[in-house]
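Chain residues, written in single-letter form:
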Amino acid sequence: MTDTILILSDRPDRQVKQLRASLRKLGLNVLALPLVDIGFDSRYPSGIAIPRMNGALPAAVIVRSISSGTFEAITRRLGILHAFAHLGVPVWNSAKAIERCVDKSTTTFLLAQAGLPTPETFAVESIANARLVATRELVHGPLVLKPLFGSQGKGIRLIRSIEDLPEPEEVDDVYYLQRFVARPGPPYCDYRVFTCDGEVLGMMARRAEGWITNIAKGAKAEAVEGPLRAKLESLALAASAAIGTDFAGIDIIPAADGKLLVLEVNSMPAWTGLQSVVPVRIADCIAHALAAWIEDELDERPAA
């Protein structure tokens, strides 16, 4: 095993560049590659072929992003992450954590099972089952339809009537429906809390004129002050523990009655908006936490 940290990302975005610089400041070698370029190869003792590593394994892996693809392609890529873990290579976040976050229905299930407050949610297949849910639930208020696999606010719809449900081919015949959370506005607000290795690195309020408050959709980042911070921190750490993430962006929404609800746990979060309102350097914190974790793991391994 080498001292190289492997960053897996579709492209060298700002977060990848910051992570690379932070890890190099710690004296670590860094290689950034898309996961699609790594293959299973039985010629190597590890069974994995990594470009430019000549059969060696990295000291650790950070998963920054996984590109979209067919079911077969995604299964193979997650298989690579599982294989790294099987070989004793730390993977942040693990394939298991990524699977739990990418599938919003699994995230909601685990949050609810952990007793954490989250909006009522219904995930079904077929338009017929979606209509049954909508008929039963719309009498209590609107629902939000989200892509089961999606991010940055893309593909979200407000469902006020059965006629608002899209055709099956528009959603791959899977309907993830969540109770619409009424809140004061405009402007509307929710919170993003960034956790890493059991600690909160920072948090921000996101404000927008529309009810979708993603930074990628034009929301503005603001610092969070006062006693609310402690409540958000406690809720975010509990959500991260329930899902099993090493680092994550936890989305929390305030209801009109003041109750805080966990919406999502993001296992591959960006932090450009957050970095603009927090004093710490997010990439440095992740790099230090990972380096310390690797050192602890090596200390605990029995001598050869």
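Residues numbered from 1 in each chain as written. Predicted model: local features only at pLDDT ≥ 70, side-chain atom pairs only at ≥ 80, totals over all residues. Heavy atoms only, no water.

- An unreviewed UniProt entry lists the protein under the name RimK family alpha-L-glutamate ligase, with Phyllobacterium bourgognense as the source organism.

**Quick word on the domain arrangement of the protein**
Part 1 of the reasoning: Domain boundaries in the protein define domain 1 (4-95), domain 2 (121-179) and domain 3 (183-284).
Part 2 of the reasoning: Tallying the contact residues gives 9 residues for domain 2 and 7 residues for domain 3.
Part 3 of the reasoning: Carbon and sulfur atoms supply 60% of the area that domain 2 and domain 3 bury against each other, a total of about 640 Å² over both sides.
Part 4 of the reasoning: At the boundary of domain 2 and domain 3, one finds 1 salt bridge.
Part 5 of the reasoning: As a salt-bridge pair, lysine 146 and glutamate 264 come within 3.5 Å of each other at their nearest N and O atoms.
Part 6 of the reasoning: Linking domain 2 with domain 3 are 0 residue pairs in polar contact (both at pLDDT 80 or more).
Part 7 of the reasoning: Taken together, the elements giving at least two residues each to the side of domain 2 that touches domain 3 come down to β8 (143-146) and β9 (157-159).
Part 8 of the reasoning: In terms of residue class, the side of domain 2 that touches domain 3 is made up of 3 nonpolar, 3 polar and 3 charged. (Domains from an automatic or database assignment. Contact = heavy atoms within 4.5 Å. Buried area = accessible area lost by both parts, 1.4 Å probe. Salt bridge = Lys/Arg side-chain N within 4 Å of Asp/Glu carboxyl O. Polar contact = N/O pair within 3.5 Å; in protein donor to acceptor, adjacent residues only side chain to side chain. Helix = DSSP H or I, 4+ residues; strand = E, 2+ residues; numbered from the N terminus. Nonpolar A, V, L, I, M, F, W, Y, C, P; charged D, E, K, R; others polar.)

**Description of the environment of threonine 195**
Part 1 of the reasoning: By secondary structure assignment, the location of threonine 195 is in strand β11 (residues 188-196).
Part 2 of the reasoning: Threonine 195 sits 178 residues away from lysine 17 along the chain, and the two C-alpha atoms are 20 Å apart.
Part 3 of the reasoning: When residues no more than four places from it in sequence are discounted, the contact partners of threonine 195 are Val200, Ala236, Leu237, Ser240, Asp246, Phe247, Ala248 and Ile250.

**Thoughts on the sheet that holds β9**
Part 1 of the reasoning: Taken in spatial order, the 4 strands make up an open sheet running β7-β10-β8-β9, and their pairing is antiparallel. The sheet is open, and its two borders are formed by β7 (121-125) and β9, each paired with just one other strand. Looking at each pair of strands side by side, their axes are set apart by 30 degrees on average, direction ignored.
Part 2 of the reasoning: Judged from the 5 bridges that link them, β7 and strand β10 (residues 174-179) form a sheet pairing that is antiparallel. From the neighbouring strand, glutamate 125 faces β10, where its bridge partner is valine 174. (Pairing = 2+ DSSP bridges. Axes fitted to C-alpha atoms, helices over the stretch in contact; angles between N-to-C directions.)

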